[in-house]
Amino acid sequence: MTSYHPSESPVMFKVSFNKLIKQYEELSQSKDESVAARAKKVLEIQKPFPELREGFTDFSLLKTYKKEIRIILDDLFSELLTKNEIKTASVPFENVIFNSSKRFKNIIKAAGEGFELKIKNMPEDHRYIIACTTILNLYYGYGLNFKRPFYYEIPDANGIMRFYKILYNADFTEITPSKEAPKITQEDYFELLDNFENIDIWKEKFPPNSYTFKGFVISNIFDVTADQSISNIKSTLIDENKRQDENFMDGFQEIFRSLLGIKDLKVGFSIYNREDDVFERVYGAGMNSYLLNNLENASCSDTLCHWSYNRLLNEKKYFSVSDVEKSFKESEGKAPHIKILHMQDIQSAIFAPIANEDGLMGILEIVSDKPNVLNSINANKLVDVMPFIVSAVERSRNEEENLIEAIIQKECTSIHPSVHWKFKKEAKLFIIEQLKGNQASFKKISFNDVYPLYGQIDIKGSSEARNNATQLDLSLQLNTAKAIVENVLNFESLPIYEQVIFQINNFLKGLENHFQVDSEQQITEFFKQEITPLFQHMLKSCKAAKEIESYFETIDPKLEMIYSNRKNYDDTVTLINKKMAALLDAKQVEAQKMYPHFFERFKTDGVEHNMYIGESITKEESFNPIYLYNLRLWQLQVMCEMENAYYQMQHDFPIALDVASMILVFNQSLSISFRMDEKQFDVDGTYNARYEIVKKRVDKAYIKGTKERVTQKGKISIVYSQKEDEREYLRYIKFLQSKRYLDTDIEIVELQDLQAVTGLKAIRVSVLYHKNKDDKAFYTYDDLMKEIKA
């Protein structure tokens, strides 16, 4: 008898063999003498012990009457079938087994000491309610279909988990209510139907121990490991959360171990890339590929032999390698997949194609470090499993494609989250029209009555800095080439060498006196068409071979030119853009929390950004001008912080460049729409187009009557046209001066007229800097430069 730990229940259990004894009483009158004799013998053995019929709640008596109970149950537990059948006699819903077949006993013995038998899928909080539903059916006669299969999970002698389904035979049970038990009415029944999870209602209708369960049940148990393993594979693959769990592969391998009955077994996957005809590793916690071993990817022809390639990719059929060591010797180590398995000390393996109508998607790899345990016979068990794996891989591929599209949309287009809702709305309408069979078209996405904000932190004198870097590189390369040719001229006096030196000297004069836009292209062509072929010829016969080899070592292989100073410039610009964009993006997260608005940024020689704010973007009737003013103040403050951040990290860049910041104020609302051809938002209307014209030209504008640019290093320039904008931003500047973001040297200047744009003004004010994040002192730009250079 198994150990008993009583749990709360609506029934009080009385072990009784009354209904079985009644059947024996009927059989004792049988005309078949042997049947009657057997029945009379059982009745005779039971007769001295009326409690076996009346029932008892003291389960210790099961041990007292063990011999008599075994005889009473003999006909239910045939000796001829006891080694084949898995059967028990027990108290339902409780862990009390008092008779069982030999096969059941052997299964429990193989599970090892300390194994506690439990019904796997009967939660403790449901046990009480299931007992109540049994009363409703057996006593009140309701046809509730509450039955669900119950299972035992029992490890075998090898530690492999096996699954057993339990079917109850309740022919020998009786249920009677106590005097205190509430009678269940039709209304009670209907109330219970809608409250399966409400344990309090069930206990109200069926108080603990309010019914007596008299009798016992027979449990017929069946090994359903194969079926349950397939079901577990299906549910594991369907459950998104499970597949992302770090323990996913451990659990997945355990299921396959149960399915194939092999303890030493591992599972791997490789994905087939049809475009490149390569196998690729599956990324995820615990994911391995035994075809690829340590490689990220490999061509199929390098991974499989001709036969196995055709088997998996063309025939889409599995194959097994039952003895890797034997196959390795027979193939003399030339079969790629055998060689890979042998390197990993794998002794047997099964490779199954994950394929649909469109072709191969991947390979399921099952391996073991023992020979012959995996073979073509047990590989047949995969037939029932593969459809679920195929479905999971199809779904995973679709999800991957969706994710790729989402990343492309995020990284390569300008659909900001603040306006995504409108694109989603139009996309749904597009799909509905298609489903109706109509000619669908994506309607224009536009937002009316929104306020624009524009700002930039621009690299000051970027064109001059790049030209200077180009001149230095070209001069270095020309002088190096000139020195080599002059050296060769000493050994081999050819007029052509003098002509080459003459050309080089002309280029050097041009670089020094009047560097032009096409100078770089002309000199580059000169080196590619004349110098490089000449030096390659000289290498074969010239005494200056070492100098020429040294020259080629300094040449960038892609550009075929010296790329040193220009690389420093390009790297600096890239780093500035990356750092400033990252800072602006991080600050934007905070700004969106204040009030949602459209935001986009661009990397040029610096970082530009556009913002639009208004009710049509937020979709809610919540917009107030206060949010516009707040965003303008936020923008000005962030520009100050970006200036500070830049000069604090300037020493980390290859070359020291300066930046200048500008904000453009436009006090009228406008309309924007998404241009499908350019995949970005643009302003609508002729009048609104003025805003775009100003944006593109204003940073190059001069102060009226001078040749001084409006943007200056160390200062923020705020360009505007209306007096009210001036008053508004002076308030912001005064506030930021109090916080020591800005200096007190405010100047208001008029700008020279631009094409089609007149009447622009600018407020310029110096930024106050810190040498580093921990520095509490404040510096103007000039002071900061002195401190840095000191």
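### Regarding the overall build of the protein
Then, number 1: Within the protein, the secondary structure is distributed over 28 helices and 25 strands.
Then, number 2: Computed over C-alpha atoms, the radius of gyration of the protein comes to 43 Å, more than 25% over the 28 Å expected from 2.2 N^0.38 for 790 residues, which places it beyond the range of a compact globule.
Then, number 3: When its C-alpha atoms are laid out on the principal axes, the protein stretches across 130 × 80 × 65 Å.
Then, number 4: Across the 790 residues that make up the protein, the buried fraction comes to 45%.
Then, number 5: Nonlocal contacts in the protein, meaning residues at least 24 apart in sequence, comprise 66% of its contacts between residues at least 6 apart.
Then, number 6: Within the structure as shown, the protein displays about 42,200 Å² of accessible surface, and the carbon and sulfur contribution to it stands at 49%.
Then, number 7: Computing the positive centroid from 102 side-chain charges and the negative centroid from 117, the protein places the two 3 Å apart.

### As for the packing of aromatic side chains
Then, number 1: What the rule picks out here adds up to 31 aromatic pairs.
Then, number 2: Look at Trp307 and Phe319: their rings are 5.5 Å apart centre to centre, the planes differ by 75 degrees, and that puts the pair in the edge-to-face class. Residue Trp307 is located in helix 14 (residues 306-314), and its partner Phe319 is located in strand 12 (residues 319-321); the two are separated by 12 residues in the primary sequence.
Then, number 3: For Trp307, a relative accessible area of 51% translates into the label exposed.

### A word on the sheet that holds strand 14 (residues 359-368)
Then, number 1: Spatial ordering of the open sheet is given by 11-10-9-14-13-12, a layout of six strands whose pairing is antiparallel. Because the sheet does not close on itself, it has two edges, and the strands there are strand 11 (297-299) and strand 12. Direction aside, neighbouring strands of the sheet carry axes that sit 25 degrees apart on average.
Then, number 2: For strand 10 (residues 278-281) and strand 11, the ladder comprises three bridges, and the chain directions are antiparallel. Paired with Phe279 across the two strands is Ala298, which belongs to strand 11.
Then, number 3: Sheet strands in contact with helix 14 are strand 9 (266-273), strand 10, strand 12, strand 13 (348-356) and strand 14, and its direction is about 145 degrees off that of strand 12.
Then, number 4: Running over the sheet, helix 16 (residues 336-343) touches strand 12, strand 13 and strand 14 and is turned about 45 degrees from strand 12.

### Some thoughts on helix 2 (residues 33-46)
Then, number 1: End to end, helix 2 covers 20 Å across 14 residues, agreeing with the expected 20 Å (1.5 Å per residue, within 8%).
Then, number 2: Those residues of helix 2 that sit buried are Ala36, Ala39, Val42, Leu43 and Gln46. One side of helix 2 carries all its buried residues, which in axial view fall inside an arc of 125 degrees. Turned more than 90 degrees away from the buried face of helix 2, the exposed residues are Glu33, Ser34 and Glu44.
Then, number 3: Where helix 2 is buried, its residues contact helix 1 (18-27), helix 3 (51-54) and helix 5 (66-72).

Conventions adopted
- Residues numbered from 1 in each chain as written.
- Predicted model: local features only at pLDDT ≥ 70, side-chain atom pairs only at ≥ 80, totals over all residues.
- Heavy atoms only, no water.
- Helix = DSSP H or I, 4+ residues; strand = E, 2+ residues; numbered from the N terminus.
- Rg over C-alpha atoms; globule rule 2.2 N^0.38 Å.
- Buried < 20%, exposed > 50% of the residue type's maximum accessible area, 1.4 Å probe, protein only.
- Contact = heavy atoms within 4.5 Å.
- Areas by Shrake-Rupley, 256 points an atom, 1.4 Å probe, with all protein chains shown as cover.
- Lys, Arg positive; Asp, Glu negative; His and termini not counted.
- Charge placed at Lys NZ, Arg CZ, Asp CG, Glu CD.
- Phe/Tyr/Trp six-rings, centres within 6.5 Å; stacked < 30°, edge-to-face > 60°.
- Pairing = 2+ DSSP bridges.
- Axes fitted to C-alpha atoms, helices over the stretch in contact; angles between N-to-C directions.
- Expected span 1.5 Å × (residues − 1).
- Arc of directions from axis to C-beta.

Any link to function would need more than the numbers given here.
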